[in-house]
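Summary of the model geometry
Listed below, chain by chain, are the residues.
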Amino acid sequence: GGMGFWRIETAYADDMSFDQDIFIREVRNPYSVWFDPSATSFDRRDALYAFVEDRVSRQEFAARWPKAQIVDFSGDNQGDALWWYQNEVRICEYWYKVPEKRTIFQLSDGRVVEEKDYAPVADELQEQGITIVDQRETEVMAVKQCLVSGNEVLAGPHDWPGKFIPLVVVWGDLLNIDGVDLYSGMTRFAKDAQRVHNFMNSTAMEVVAKAPKAPVTATAAMIKGYENFYENMSVDDSPVLPYNIDPASPNSRPIREQPAAFPLGLVQMANIAADEIKATLGIHNASLGMEGNETSGKAILARQREGDTANYVYFDNFSKSLRYSGEIINDLLPKVITTERTLRILGEDGAEKFVEVNKSVLDEQTGQWVTLNDLNQGRYDIAVTIGPSYSTQRMETADAMRELAQSPGPMGLV
């Protein structure tokens, strides 16, 4: 389709816990998400608002919001703009940003905190010798969310802990032409070749299917009284076809015509269309795991890389969405994980390790309590790498070492 979405959510770790975790959820219907049309950035981070549509049954709507009214959303001339249906009601998440003035403090230990976060722990920090070094007024965008129907707010507004609207768009191939963003998926420009391929195969199948049902040649006198047999012979497949002897041709009988020859031209055109599809997509047999003209491993890998190069824009755009997701999660971490926790971390090779965060420990040298792996300390960046998985890299390395061992030279001698 050329466009998709996922979203970042926070939820309790389980039903009997107060700890919250961060989750990535799919948005199954990409056309249910609407961003601020004035947003121009690739990932739409500059959007001031966004909508996520959903539908619930009338019974569920009445049970969840008994005082709400089911009304139409007037003033929208777009298609499918009704906010009520025969058995369903459309509701909508409304995400928006509100500019807020805040006072921030720079502390002597290097931290930058807001006034509202500093006030509750001011005495404790002063006892530790941590003082305010500098302060200033700043304007930040607070993100809020509420649930709305056609003309009223059903729930909210609720404060979102992060500074980004947690909706991530994933583009296929995105072009801006005369100020209008046009997006497309991999198959967009292969549609014509696919239609030719489908038409040729369908026509060939029709010719082959009609071969055992070729028409019968007979005189009117031969089939007089048996017209129903001959009209329905292709459907009934009757084992017996009675006929009359025609006095004008007593030695003749109804004869089935020779069926049409197998349409080789249609098959050739279908194969040409299949090659055009591969050429348009840049995806050849090697990329699909099928056997082609390549014989050596290097040739197969080279043909596979051709497909990756031809469609690099999709990998690149996907990596940009991953990076934006990382920024959203990075912004949420110190605001969601605020207590002492043990987190499970997955390494590049898939190995697990457990890390304690926000843990208070006693520094034996200073005699003061310090926080181990404090998520509020520091600012971090996101790096995204798109490429083969760790297991694939190991297999490629093993193949390369095997080829070196089989070749003459120092490696072969070893």
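Just so you know, the residues in each chain are numbered from 1, in the order the chain's sequence is written. Residue-level local features of this predicted model are given only where pLDDT is at least 70; pairs of side-chain atoms are given and counted only at 80 or more, and the full residue set underlies all totals for whole chains, interfaces and linings. Side-chain numbers here rest on the full set of heavy atoms in the structure, without hydrogens or water.

**Thoughts on the pairing of strand β17 (residues 369-372)**
Heads up, the rule is: For two strands to pair, DSSP has to find at least two bridges joining them. Numbering of helices and strands starts at the N terminus; helices are DSSP runs of H or I of at least 4 residues and strands are runs of E of at least 2.
Of the pairings in the sheet, the one linking strand β16 (residues 359-362) to β17 comprises 4 bridges and is antiparallel in character. Bridge pairing in β17 links lysine 359 to leucine 372. The turn linking β16 back onto β17 is made up of 6 residues, and glycine 367 within it adopts a positive phi angle of 75 degrees.

**Overview of the packing of helix α4 (residues 191-210) against helix α7 (residues 264-281)**
So the rule is basically this: Helix axes are fitted only over the stretch in contact, all axes being lines through C-alpha atoms; the angle between N-to-C directions runs from 0 to 180 degrees. Note on terminology: angles under 35 degrees are roughly parallel, angles over 145 are roughly antiparallel, angles of 65 to 115 are roughly perpendicular, and the others are oblique. Crossings are classed by handedness, with left-handed meaning an anticlockwise turn of the near helix from the far one by less than a right angle and right-handed meaning a clockwise turn. Any two residues whose heavy atoms approach within 4.5 Å at even a single point are treated as in contact. Note on residue classes: Ala, Val, Leu, Ile, Met, Phe, Trp, Tyr, Cys and Pro are nonpolar, Asp, Glu, Lys and Arg are charged, and everything else, Gly too, is polar.
In contact at an axis separation of 8 Å, α4 and α7 are set at 155 degrees when each is read in the N-to-C sense. Overall, the two elements α4 and α7 adopt an arrangement that is roughly antiparallel. As α4 runs across α7, the sense of the crossing is left-handed. Along its contact with α4, which presents Ala193, Gln194, Val196, His197, Met200, Asn201, Thr203 and Ala204, the element α7 presents Leu266, Met269, Ala270, Ala273, Ala274, Glu276 and Ile277. Its residues assigned to classes, the contact of α4 with α7 comprises 10 nonpolar, 4 polar and 1 charged.

**Notes on the nonpolar core**
To keep it simple, the criterion reads: Residue types Ala, Val, Leu, Ile, Met, Phe, Trp, Tyr and Cys, when buried and joined through side-chain atoms within 4.5 Å, form a set referred to as a nonpolar core. Categorising residues by exposure relies on relative accessible area from a 1.4 Å probe, with only protein chains included: less than 20% of the type maximum marks a residue as buried, more than 50% marks it as exposed, and the intermediate range marks it as partly exposed.
Core analysis: the largest hydrophobic core is formed by 26 residues, its most contacted members being Phe5, Val33, Phe35, Trp95, Leu167 and Ile328. Mapped by element, the contributors of at least two residues to this core are β1 (3-12), β3 (33-35), β4 (49-57), β9 (167-171) and α9 (312-336). Broken down by element, the residue count for this core peaks at 5 residues, all from β9. Within the second largest apolar cluster, 8 residues are counted, among which are Trp65, Ala68, Ile91 and Leu147.

**With respect to the pattern of salt bridges**
Let me state the cut-off plainly: Whenever a carboxyl oxygen of Asp or Glu lies within 4 Å of a side-chain nitrogen of Lys or Arg, that contact is scored as a salt bridge.
The final tally for this structure, using the stated rule, is 25 salt bridges. Here glutamate 114 and arginine 102 are joined by a salt bridge, their closest N and O atoms 2.9 Å apart. Of this pair, glutamate 114 sits in strand β6 (residues 112-114) while arginine 102 is found in strand β5 (residues 88-107), placing the two residues 12 residues apart along the sequence. The partner of glutamate 352 in a salt bridge is arginine 344, with the nearest N and O atoms 3.1 Å apart. By sharing partners, the salt bridges in this structure join Glu100, Arg102, Glu114, Lys116, Asp117, Lys144 and Asp159 into a single network.

**Some points on the packing of aromatic side chains**
As a reminder of what qualifies: Two rings from Phe, Tyr or Trp (for Trp, the six-membered ring) form a pair when their centres sit within 6.5 Å of each other. Planes less than 30 degrees apart are called stacked, planes more than 60 degrees apart edge-to-face, and all others tilted. Should the NZ of a Lys or the CZ of an Arg lie within 6 Å of a ring centre and within 35 degrees of the ring normal, that charge is described as sitting over the ring.
Tallied over the entire structure, the rule returns 10 aromatic pairs. Between tyrosine 49 and phenylalanine 51 the ring centres are 5.8 Å apart and the planes differ by 70 degrees, which places this aromatic pair in the edge-to-face class. Taking the relative accessible area as the measure of exposure, tyrosine 49 reaches 27% and is therefore partly exposed. Note on phenylalanine 61 and tryptophan 65: the rings are 5.3 Å apart at their centroids and 55 degrees apart in plane angle, and the pair reads as tilted. When the ring centre of phenylalanine 23 is taken as origin, the NZ or CZ atom of arginine 25, which lies over that ring, is 4.4 Å away. Looking at lysine 320, its charged tip hangs above the ring of phenylalanine 42, at a distance of 4.6 Å from the centre.

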